[in-house]
Amino acid sequence: MTARKRLLVTGREGQVVRSLLERTALHNDIDILVAGRPEFDLSAPASLATVIKSARPDLIVSAAAYTAVDQAEAEEELARIINAQAAGVIAEAAQALQIPVIHLSTDYVFDGSKMSAYVETDPVAPVSAYGRTKLAGEESVAAATDNHVILRTAWVHSPFGKNFLKTMLRLGESRDSVNVVADQFGTPTSALDIADAVIAIARNLLASGSPELRGVFHLTNSGRASWADFAEEIFRISADLGGPVAAVGRIPASEYPTPARRPANSQLDCTKLAAVHGVRMPDWAHSTKTVVTRVVQPLAASI
Ligand SMILES: NC(=O)C1=CN([C@@H]2O[C@H](COP(=O)(O)OP(=O)(O)OC[C@H]3O[C@@H](n4cnc5c(N)ncnc54)[C@H](OP(=O)(O)O)[C@@H]3O)[C@@H](O)[C@H]2O)C=CC1
Ligand SMILES: Cc1cn([C@H]2C[C@H](O)[C@@H](COP(=O)(O)OP(=O)(O)O[C@H]3O[C@@H](C)C(=O)[C@@H](O)[C@H]3O)O2)c(=O)[nH]c1=O
Ligand SMILES: [Mg+2]
């Protein structure tokens, strides 16, 4: 990019938003603008286009969403307004401004019955209300504009907001052991790595109108783990740093009942993103170490 570019990102305190704010600070040709509540409320989609137009962005990163997977089972209509209807309105605004939109989606669009990693063209079949509303979001973005990148990511963790990694460390402070599901597989993914990837993809979209750069792409850290493997790795790293530790009891999902069903396998094959956008993501354990270190060191310093 030659001139300075304005990236508008949706949400304020979300993991991906906070990571983008941190990472774009390292790029002096990118200005980041934040659109969040109360002025920008996804549950009231009619108000969104005005805010976007007055911000005059060069590209939109649509990162805000209804992400409470279990709660969505009881609030599917609200989740649908936020994850599908608002996503469509944001993409329509991008189309009206003739700018690209990068929209975040999820591995939970798949049912988890495939034995190997999912590719972008595999059939979708969400098994939860959250997954259904996120799939509807992909469809409304694609219907609104061809100038889109839909990034399906998964199992996001970071020093920010709420996530499984921070939940495990918090449980480790008060418990000797934690039971964790060992028969659901996917890939823990750092929001900081997602932010770096989004910046690289944004540069590509702003540099070229090529249709090949547009469409659906999978974006996770590399490798594969169960939630129990992830928990064990979190505590192993934390132990080395003198942080919270708990023994992990490996249990089947049937022994951890939740309102929402989750896929048994949602590993995503990210070959297309590497081939088309040149983005290669670190191994999940490597990025887990970076995040655990950032979460544990302030804890250790306060003792
Ligand atoms: N978390 C995960 O494990 C995964 C997430 N994703 C997707 O990635 C994207 C980013 O997720 P992540 O950063 O983890 O999200 P978080 O759950 O950390 O944050 C959600 C964000 O959405 C915003 N938001 C929620 N409701 C509204 C609303 N009514 N109006 C305006 N903003 C709202 C929140 O706003 P506020 O800042 O005001 O609280 C917050 O910024 C989402 O699209 C999500 O579906 C995909 C796979 C895994
Ligand atoms: C807290 C906890 C969870 N679990 C299980 C429940 C579940 O099967 C799995 C993960 O639980 P969580 O509720 O933390 O994660 P969940 O909300 O399912 O995370 C999902 O969020 C949405 C937004 C996505 O898009 C997905 O990619 C995925 O990251 O771990 C345990 O087994 N033991 C525990 O102590
Ligand atoms: Mg949760």
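Structure first, text after, so check above.
Figured I'd write up the structure that's included with this text.

Cut-offs and rules
Residues numbered from 1 in each chain as written. Chains lettered and ligands numbered in written order. Predicted model: local features only at pLDDT ≥ 70, side-chain atom pairs only at ≥ 80, totals over all residues. Heavy atoms only, no water. Salt bridge = Lys/Arg side-chain N within 4 Å of Asp/Glu carboxyl O. Helix = DSSP H or I, 4+ residues; strand = E, 2+ residues; numbered from the N terminus. Phe/Tyr/Trp six-rings, centres within 6.5 Å; stacked < 30°, edge-to-face > 60°. Buried < 20%, exposed > 50% of the residue type's maximum accessible area, 1.4 Å probe, protein only. Lys NZ or Arg CZ within 6 Å of the ring centre and 35° of its normal. Near = heavy atom within 4 Å. Polar contact = N/O pair within 3.5 Å; in protein donor to acceptor, adjacent residues only side chain to side chain. Areas by Shrake-Rupley, 256 points an atom, 1.4 Å probe, with all protein chains shown as cover. Nonpolar A, V, L, I, M, F, W, Y, C, P; charged D, E, K, R; others polar.

Tallied over the full model, the rule gives 16 salt bridges. Asp240 serves as the salt-bridge partner of Arg236, at 4.0 Å between the closest nitrogen and oxygen. Here the residue Arg236 and the residue Asp240 both occupy positions in helix α7 (residues 227-240), the gap between them amounting to four residues, near one helical turn. Among the ionic contacts, a cluster of salt bridges with common partners joins Glu22, Arg23, Asp196 and Arg294.

All told, the structure shown has six aromatic pairs when counted by the stated rule. For the pair Phe164 and Phe230, a centre-to-centre distance of 5.4 Å together with 20 degrees between the ring planes defines the contact as stacked. A residue pair is termed long-range when its members are at least 10 positions apart, and Phe164 in helix α5 (residues 164-174) and Phe230 in helix α7 qualify at 66 residues. Classification of Phe164 as partly exposed rests on a relative accessible area of 22%. Considering the side-chain rings of Phe230 and Trp284, the 6.1 Å spacing of their centres and the 85 degrees angle between planes classify their relative orientation as edge-to-face. Taken together, the residues span a long stretch of sequence, with Phe230 in helix α7 and Trp284 in helix α9 (residues 284-301) at a distance of 54 residues. Relative accessible area serves as the criterion here: at 10%, Trp284 is assigned to the buried category. A cation over an aromatic ring shows up here: Arg224 above the ring of Phe185, its NZ or CZ 4.1 Å from the ring centre. Looking at Lys272, its charged tip hangs above the ring of Phe217, at a distance of 4.3 Å from the centre.

The full set close to ligand 2 counts 20 residues, and Thr106, Asp107, Tyr108, Gln184 and Arg262 are the nearest of them. Residue Tyr108 places a side-chain N or O atom 2.8 Å away from an oxygen atom belonging to ligand 2. Note that a nitrogen atom of ligand 2 is positioned 2.9 Å from one of the backbone N or O atoms of Asn179. Taken by itself ligand 2 offers 710 Å² of open surface, and the protein chains cover 83% of this. At the level of secondary structure, the elements contributing two or more residues to the shell around ligand 2 comprise α5 and β7 (177-181). If you tally residues by element for the shell around ligand 2, the top one is β7, at four residues. Of the residues in the shell around ligand 2, the class split is 14 nonpolar, four polar and two charged.

Right, let's talk about the site of ligand 1 for a bit. Close contacts around ligand 1 come from 25 residues, with Glu13, Val16, Thr67, Tyr130 and Lys134 the closest. Within the backbone of Val16, one N or O atom sits 2.8 Å away from an oxygen atom of ligand 1. At 3.0 Å, a backbone N or O of Val156 approaches an oxygen atom of ligand 1. Secondary-structure elements contributing two or more residues to the shell around ligand 1 are α1 (15-24), β4 (101-106) and α4 (129-144). With three residues, the single largest contributor to the shell around ligand 1 is β4. Residues of the shell around ligand 1, tallied by class, amount to 12 nonpolar, eight polar and five charged.

Coordinates in, geometry out; function isn't part of it.
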